[in-house]
Amino acid sequence: MSDSLRERWLRGLAFNPAAPADVLIRLLDPAAGDAGPLMCEGRDLPVAVIDAALRHPSGVIRGALARNRYVDPVRLAPLASDPSGLVRARLASGPRDWPRRVRPLPDEILVTLLLAQDGGEDNRLTAKEIIAELESSRQIPLSFFRSVAGHAQPELRTVATWRWESLTPTQRVALLDDPDDGVRETAQDRNWALEPERVEARLPSFGPRNAFVFGTCALSPALVEQCFADGTVLPMARNPHTPAYALVRLARHPDAEVRASVAVRPDVGPDLVAELRSDPVEYVRTCARLHPFSRAWAEYRAIDQVIGHGPDCTCPIGEPFTDAHVDPAVGPSPDWFASCAVSEEAVLRRVAASWPGLPAELAEALAQDDDEEVRIRLACHHPLAPPRLLLDVFLTRPAHRPHLLDLPTFPRTGWAHLIDHPDAEIRTLAAADPALSDPPVQDPDASVRQAAAANASLSPHALEPLLTDPHSAEGAASNPALPVPRMHALLDHCLDGAATVPAAVRG
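Basis of the calculations
Residues numbered from 1 in each chain as written. Predicted model: local features only at pLDDT ≥ 70, side-chain atom pairs only at ≥ 80, totals over all residues. Heavy atoms only, no water. Helix = DSSP H or I, 4+ residues; strand = E, 2+ residues; numbered from the N terminus. Buried < 20%, exposed > 50% of the residue type's maximum accessible area, 1.4 Å probe, protein only. Contact = heavy atoms within 4.5 Å. Areas by Shrake-Rupley, 256 points an atom, 1.4 Å probe, with all protein chains shown as cover. Lys, Arg positive; Asp, Glu negative; His and termini not counted. Charge placed at Lys NZ, Arg CZ, Asp CG, Glu CD. Axes fitted to C-alpha atoms, helices over the stretch in contact; angles between N-to-C directions. Parallel < 35°, antiparallel > 145°, perpendicular 65-115°, else oblique. Nonpolar A, V, L, I, M, F, W, Y, C, P; charged D, E, K, R; others polar. Phe/Tyr/Trp six-rings, centres within 6.5 Å; stacked < 30°, edge-to-face > 60°. Lys NZ or Arg CZ within 6 Å of the ring centre and 35° of its normal. Salt bridge = Lys/Arg side-chain N within 4 Å of Asp/Glu carboxyl O.

Draft legend 1. Layout of the overall build of the chain. When helices and strands are counted, the chain shows 32 helices and zero strands. Its C-alpha atoms put the chain at 85 × 55 × 40 Å along the principal axes. Burial analysis of the chain (507 residues in total) assigns 50% to the buried set. For the chain, the share of sequence-separated contacts (at least 6 apart) that also reach a separation of at least 24 residues comes to 52%. As presented, the chain carries roughly 22,500 Å² of accessible surface, and 55% of it is formed by carbon and sulfur atoms. Across the chain, the mean location of the 50 positive side-chain charges is 1 Å away from that of the 69 negative side-chain charges.

Shown next as structure tokens:
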């Protein structure tokens, strides 16, 4: 047996949806090479396999499981206190390749990682380095910060300050007067962004590199004037702390994007709104028309995360319409989203389509909306988006394909009519459709051949020649029609390192 065939069989078996736990557990053997880690990271797993991986002596296996985006994260809790710091870091950093949607870790795991006193027995990382991975991973829900603001452990009260503006005013006051010196000092340091004089003192020189500050912090009159002088006005136009006198100037700025950002703010007075509704630029007029729907900052941010992004926007999808400064508990109400769903403004219907809590009847109506961006956003964000819509967006918008393929509702049938499509990525899905009577195992594209070889409509007999063909062996080994005894027979030869494939293997 060639090494090429052996690797293909092992990878195929690792992702065979019909492989039982005893087959998958055998792939945790070091002799299986990369197949075990790939399996632990890249697919849902039976409970017995998860348990075996959690107890596995190899940190490579446990670390791969720590990155798994398909297994219930509650099952991964033991990895938060793993002896290896590298394994803990894998869990803290989250799934590889930064998928658009990253699910939050349970509080139990977060607390364990945040309170760790060391970086693990391997001494490759410190506890602070692991926490830094966690902080940037998008796996901490904003609700967690509020929940630990009054925690008995001062270390966790310090963590609450990381999202200072998402805390309630009462929580901020309590932390500023915390009995623990370290918590109190950290809170006072975090509060600098809300004190214009301290912001100004921290910025001895101004320039575009300070755009983040100009867009988020309370600004003194000197900083406002510096923004105008330096031309860094767009961040200021979106800053909730920008003073009213500056908004008047921004509403008449020559840059239409600046005027548009002002037009949709909830703190703009009616006179300015009326002025912006007569702006010479249609985009600005559209933003001004949205003003009745942006009555609070949470609503403004819901609109801001949608407006102007375009049909191929692949921005990360976090908690619904939240960012570092907004907590879900104070977000827009369901009634507000429902009003957006029936608005005449396409932008507002796009906002509604992006909210996963939209009722089924409204989601169904938006799935047939005349505006393409509404339909795309519904497909990417809403759990009740109909399969026909997911298929249509996959066909017409390649930018969204990786995200759509990860959705549990993405249709795996209904593709057979596309088997001759010129796009190989579309033919690959068509080749896997079990309704296909004759999977194209000789297609010129390798991914299409592998998908055809994995098609469950093939008989076990038809799989035999495909298993010995390097162009289709991996797909054939992942075929759910492959009998379990045959799976074990392939593993026997892969793990024993046999050089040939005797007839007896064909059991």
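Draft legend 2. The packing of helix α4 (residues 47-54) against helix α5 (residues 59-66), seen in detail. Close contact between α4 and α5 brings their axes to 8 Å; oriented N to C, the two are set at 130°. In terms of orientation, α4 and α5 fall into the oblique class. In this structure, α4 contributes I50, A53 and L54 to the contact, and α5 contributes I61, R62 and L65.

Draft legend 3. Expanded view of the packing of helix α7 (residues 107-115) against helix α8 (residues 127-135). Close contact between α7 and α8 brings their axes to 8 Å; oriented N to C, the two are set at 145°. Of the residues in α8, those in contact with L110, L113 and L114 of α7 are I130, I131 and L134. Looking at the contact of α7 with α8 residue by residue, the classes come out as six nonpolar, no polar and no charged.

Draft legend 4. Inspection of unusual backbone geometry at higher detail. Although it is not a glycine, W98 sits at a positive phi angle of roughly 45°. With respect to the helices and strands, W98 occurs in the loop between α6 (85-93) and α7. Judged by relative accessible area, W98 falls into the exposed class, the value being 52%. Within the chain, N123 stands out as a residue other than glycine whose phi angle is a positive 55°. Within the element layout of this structure, N123 appears in the loop between α7 and α8. The class of N123 is exposed, set by a relative accessible area of 66%.

Draft legend 5. Structural detail: the environment of V71. Note that V71 resides in the loop between α5 and α6. For V71 and V47, which are 24 residues apart along the polypeptide, the C-alpha to C-alpha distance reads 9.3 Å. Beyond its immediate stretch of four places on either side in the chain, V71 contacts R43, D44, L45, I50, L76 and R103.

Draft legend 6. Structural view of the packing of aromatic side chains. As enumerated under the stated definition, the model contains eight aromatic pairs in all. For the pair F145 and W162, a centre-to-centre distance of 6.4 Å together with 55° between the ring planes defines the contact as tilted. In this pair, F145 sits in helix α9 (residues 142-147) while W162 sits in the loop between α10 (154-160) and α11 (169-176), placing the two residues 17 residues apart along the sequence. Measuring from ring centre to ring centre gives 5.8 Å for F410 and W415, while their planes differ by 40°; the resulting arrangement is tilted. Within the aromatic cluster, the residues linked to one another by ring pairs are F144, F145 and W162. Taking the ring centre of F228 as reference, the NZ or CZ of R249 above it sits at 3.8 Å.

Draft legend 7. Representation of the pattern of salt bridges. Overall, the coordinates contain 30 salt bridges when judged by the stated rule. Among the ionic pairs, D118 bridges to R88, the shortest N-O distance being 3.3 Å. Separated by 30 residues along the polypeptide, D118 in the loop between α7 and α8 and R88 in helix α6 bring together distant segments of the chain. Judged by its relative accessible area of 41%, D118 is partly exposed. Here the salt bridges do not stand alone but share partners, grouping E282, R285, R289 and E345 into one network.

Draft legend 8. Quick look at the side chain of H381. For H381, the location among the structural elements is in helix α25 (residues 372-381). The residues touching H381, leaving out its near neighbours within four places in the chain, are R100, R101, I317, A353, S354 and P356.

Draft legend 9. Geometry of the environment of V393. Considering the arrangement of structural elements, one finds V393 in helix α26 (residues 387-396). In sequence terms V393 and A256 are 137 residues apart; their C-alpha atoms lie 31 Å from each other. With residues near it in sequence (within four places) discarded, V393 still touches R375, I376, A379, H400 and L404.

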